[in-house]
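For reference, the chains in residue letters:
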Amino acid sequence: MSAQQTVSHETWLAARKELLDREKAFTRERDALSAARRALPRVKVEKNYVFETEDGEQTLEELFDGCGQLIVYHFMYGPEWEAGCKSCSFWADNYDGVGEHLRQRDTRLVAVSRAPLSTLLAFRKRMGWRFPWVSSAGSDFNYDFDVSFRQEDLDTGETNYNFGTSRFPSDEAPGVSCFTREDDGSVYHTYSAYSRGLDIFNTAYNLLDLTAKGRDEESLSYPMEWVKLRDQY
């Protein structure tokens, strides 16, 4: 049974306009936050990361594919895993279709995981995705961007997730990192986000947030307990 109060249209409209004022304030604050994000300083990437791609080995600079900006989604898929993370897959269901739009703004989106490329491509085919997905196996990329953790880090609790504000219980974690490329080929790290900072990527969650029931996860043992791979519902 719904806990919402039932009222007249006039009363609902007054309440909706009151909430609209808060939504407008939030939008203005979000715009200010986005501006502050763009104004962050950057760090030059000095290490030569090499990835396995459908076009052979490529450096981080080559992943830009001619664009000036690169968004990397750190997809949880360990080298020995039989399938990709169900939560990262929930996020990845939102990626197809945006690539050409992003390219019009000089930006490319690529997923990166430590699993072998053949494993990633087979899982991508199973899920019906088309976005570019590359393997960082053999490089320190995932470790350097705090989305993969060695056993000694797990044993000591030094997983340093979300800029050291939390500990992650697995050797793989989700995240997003952004980079820019200069004309001379130099690459700079501009932004990374983890944990709830990834919410903005998930259209399904943002749509559910508009509804009366919302995400409806309060009674679950953990928020995404209900999520399955799309072909397992």
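This text follows the structure it describes.
Overview of the structure. Note that this is a predicted model, so its numbers are computed, not measured. (Residues numbered from 1 in each chain as written. Predicted model: local features only at pLDDT ≥ 70, side-chain atom pairs only at ≥ 80, totals over all residues. Heavy atoms only, no water.)

1. Concerning the packing of aromatic side chains
By convention here, two paired aromatic rings are described through the distance between centres and the angle between planes. What the rule picks out here adds up to 27 aromatic pairs. On the basis of an interplanar angle of 40° and a centroid distance of 6.3 Å, the ring pair of Phe141 and Phe179 is categorised as tilted. Within this pair, whereas Phe141 is found in helix H6 (residues 141–144), its partner Phe179 is found in strand E7 (residues 175–181), the two being separated by 38 residues in sequence. For the pair formed by Phe141 and Phe179, the shared burial category is buried. One aromatic cluster is present, built from ring pairs that chain together Tyr73, Phe75, Tyr77, Tyr95, Phe123, Trp129, Phe131, Trp133 and Phe201. (Phe/Tyr/Trp six-rings, centres within 6.5 Å; stacked < 30°, edge-to-face > 60°. Helix = DSSP H or I, 4+ residues; strand = E, 2+ residues; numbered from the N terminus. Buried < 20%, exposed > 50% of the residue type's maximum accessible area, 1.4 Å probe, protein only.)

2. Regarding the environment of Phe179
Taking the relative accessible area as the measure of exposure, Phe179 reaches 1% and is therefore buried. A C-alpha to C-alpha distance of 9.4 Å links Phe179 and Glu61, two positions 118 residues apart in sequence.

3. Structural notes on helix H5 (residues 117–127)
Structural remark: α-helix, 3.6 residues per turn; residues separated by three or four positions point the same way. Within H5, burial applies to Leu117, Leu120, Phe123, Arg124 and Met127. The arc that holds the buried residues of H5, viewed along the axis, is 130°, so those residues lie on one side. Exposed and oriented more than 90 degrees from the buried face of H5 are Ser118 and Lys125. Structurally, H5 contributes buried residues whose contacts are with strand E2 (50–53), helix H3 (86–92), strand E5 (107–113) and strand E6 (133–135). (Arc of directions from axis to C-beta. Contact = heavy atoms within 4.5 Å.)

4. So, the pairing of E2
Of the two faces of E2, the one lined by Phe51 and Thr53 is fully buried and the one lined by Val50 and Glu52 carries no buried residue. Relative to strand E3 (residues 56–59), E2 is paired through 4 bridges, and the arrangement is antiparallel. The partner of Glu52 across the bridge, within E3, is Glu57. Linking E2 to E3, which pair antiparallel, is a turn of 2 residues. (Pairing = 2+ DSSP bridges.)

5. A word on the pattern of salt bridges
Scanning the entire structure with this criterion turns up 15 salt bridges. For the salt bridge of Arg126 with Asp231, the shortest nitrogen-to-oxygen distance reads 2.8 Å. You can see Arg126 sitting in helix H5 and its partner Asp231 sitting in the segment after helix H8 (203–208), a full 105 residues away along the chain. Look at Arg126 and you get partly exposed, because its relative accessible area is 39%. Using a relative accessible area of 43% as the deciding quantity, one classes Asp231 as partly exposed. The residue Asp199 makes a salt bridge to Arg196 at a minimum N-O spacing of 2.8 Å. One network of salt bridges, in which partners are shared, links Lys47, Asp140, Asp144 and Arg150. (Salt bridge = Lys/Arg side-chain N within 4 Å of Asp/Glu carboxyl O.)

6. As for the side chain of Glu172
Residue position: Glu172 is located in the loop between helix H7 (151–156) and E7. What makes Glu172 buried here is its relative accessible area of 1%. Among the polar contacts listed, one links the side chain of Glu172 to the side chain of Arg114, at a separation of 2.5 Å. (Polar contact = N/O pair within 3.5 Å; in protein donor to acceptor, adjacent residues only side chain to side chain.)

7. What about the nonpolar core?
Most often, soluble globular proteins have nonpolar side chains that are buried together. In terms of nonpolar packing, the biggest core is built from 28 residues, with Phe75 and Trp133 touching the most fellow members. Those elements that place two or more of their residues in this core are strand E4 (69–74), H3, E5, H5 and E7. With 4 residues, the top contributor of residues to this core is H3. Contact partners of Phe75, with chain neighbours within four places excluded, come to Gly84, Cys85, Cys88, Ser89, Ala92, Val112, Ser113, Phe123, Trp129 and Trp133. Tyr49, Phe64, Phe141 and Val187 belong to the second-largest nonpolar core, a separate cluster that totals 15 residues. (Core = buried A, V, L, I, M, F, W, Y, C linked by side-chain atoms within 4.5 Å.)

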